[in-house]
Amino acid sequence: MIKLHYDTATELGHHPVPLVWNEQTNAPVSHVQGWEAMQPYELTSQHNAMAVRTCDAFTFIDVDTKNSSTLSASDLRTYILIMLEEKLNRIIYEKLFIEQSRNGGLHIFLKMPAPDHKIPIATNSKGNELIALYPKNKLCYTHPTPGCQIIYGQRDEMEPITQSELNQIIDLLQA
């Protein structure tokens with residue numbers, strides 16, 4: 001199964017990094033050395049997880065639900081998913097690929113160049129980062145990594161997001 005996802009991510013320019021994942025600790029056994037250089041990797045039978053590297057082809061908004069100070073992680077995740085589906089322009093919503101992260105947060109993938117710097121979108125009442133748009137050269141654990149699950153869309157069905165559409169997404173997430 002990982003080969004299909006790995007090949008698709010490669011074709012889309014998402015620079016996949018194969019990983020060996022320990023399902024008991026819910027963490028990678030080790031990171032692939034040199035992932036920053038965006039070298040192509042060869043899958044082996046040991047690889048059971050994958051990360052993708054933000055780049056000129058895509059980026060993602062990370063919703064770190066464990067930093068919520070007012071709602072449970074589950075309630076915040078549900079609230080954001082409902083807001084995106086019901087309040088975001090349908091044309092924009094259909095361009096998204098959304099996953100639940102291994103820790104119960106959300107990754108909202110966007111087909112657009114990653115910014116040069118992280119863009120904070122929302123913080124909790126203590127000032128901890130809750131939602132951010134991730135910059136270039138960051139790894140994101142993604143499906144089929146154990147614990148990650150696709151909530152909406154498919155990686156290969158994402159359509160380009162304009163700056164105006166990104167601004168609408170950010171405005172909604174800041175509300």
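This section reports on the structure supplied with the text. Computed from a prediction, not measured in an experiment: that's the story for all the values here.

Let's talk about the layout of surface pockets
Then comes step 1: Space inside the largest pocket adds up to approximately 220 Å³.
Then comes step 2: Among the elements of the structure, strand E4 (59–63) and strand E9 (139–142) are those that each provide at least two residues to the lining of the largest pocket.

As for the packing of aromatic side chains
Two aromatic rings, taken as a pair, are described by how far apart their centres are and by the angle between their planes.
Then comes step 1: Evaluated as defined, the whole model comprises six aromatic pairs.
Then comes step 2: Site record: aromatic cluster; members linked through ring pairs are Phe58, Phe60, Phe97, Phe109 and Tyr134.
Then comes step 3: The ring of Phe109 carries Arg155 above its face, with NZ or CZ at 5.4 Å from the centroid.

Overview of the pattern of salt bridges
Then comes step 1: Under the counting rule described, the total for this entry stands at eight salt bridges.
Then comes step 2: Its salt-bridge partner being Asp64, residue Lys66 comes within 2.9 Å of it at the nearest N-O pair.
Then comes step 3: Each of Asp56, Asp116 and Lys136 takes part in a single network of salt bridges with overlapping partners.

Some details on the sheet that holds strand E2 (residues 27–30)
Then comes step 1: If you trace the four strands from one edge of the open sheet to the other, you get E2-E1-E3-E9, paired in antiparallel fashion. The two strands at the open ends of the sheet, each matched to only one other strand, are E2 and E9. Within the sheet, the average angular offset between the axes of one strand and its neighbour, ignoring direction, is 50°.
Then comes step 2: Contacts from helix H1 (residues 2–11) reach strand E1 (16–22) and strand E3 (49–53), with the element oriented near 10° to E3.

A few points about the pairing of strand E5 (residues 97–100)
Within a regular strand, side chains alternate between the sheet's two faces.
Then comes step 1: Because side chains alternate across E5, one face comprises the buried residues Phe97 and Glu99, and the other comprises Ile98 and Gln100, equally buried.
Then comes step 2: As defined by bridge partners, E5 adjoins strand E6 (residues 106–110) across four bridges and the pair is classed as antiparallel. Across the sheet, Phe97 pairs through a bridge with Phe109, a residue of E6.
Then comes step 3: Linking E5 back to E6 in an antiparallel pair, the connection comprises five residues, with Gly104 at a positive phi of about 90°.
Then comes step 4: As defined by bridge partners, E5 adjoins strand E10 (residues 149–152) across three bridges and the pair is classed as antiparallel. Note on E10: the bridge partner recorded for Ile98 is Tyr152.

What counts and what doesn't
- Residues numbered from 1 in each chain as written.
- Predicted model: local features only at pLDDT ≥ 70, side-chain atom pairs only at ≥ 80, totals over all residues.
- Heavy atoms only, no water.
- 1 Å grid on protein atoms, 1.4 Å probe; cavity = no way out; pocket = protein on both sides within 12 Å on 5 of 7 lines; lining within 4 Å.
- Points joined across faces, edges and corners; volume = space filled by probe spheres on them.
- Helix = DSSP H or I, 4+ residues; strand = E, 2+ residues; numbered from the N terminus.
- Phe/Tyr/Trp six-rings, centres within 6.5 Å; stacked < 30°, edge-to-face > 60°.
- Lys NZ or Arg CZ within 6 Å of the ring centre and 35° of its normal.
- Salt bridge = Lys/Arg side-chain N within 4 Å of Asp/Glu carboxyl O.
- Pairing = 2+ DSSP bridges.
- Axes fitted to C-alpha atoms, helices over the stretch in contact; angles between N-to-C directions.
- Contact = heavy atoms within 4.5 Å.
- Buried < 20%, exposed > 50% of the residue type's maximum accessible area, 1.4 Å probe, protein only.

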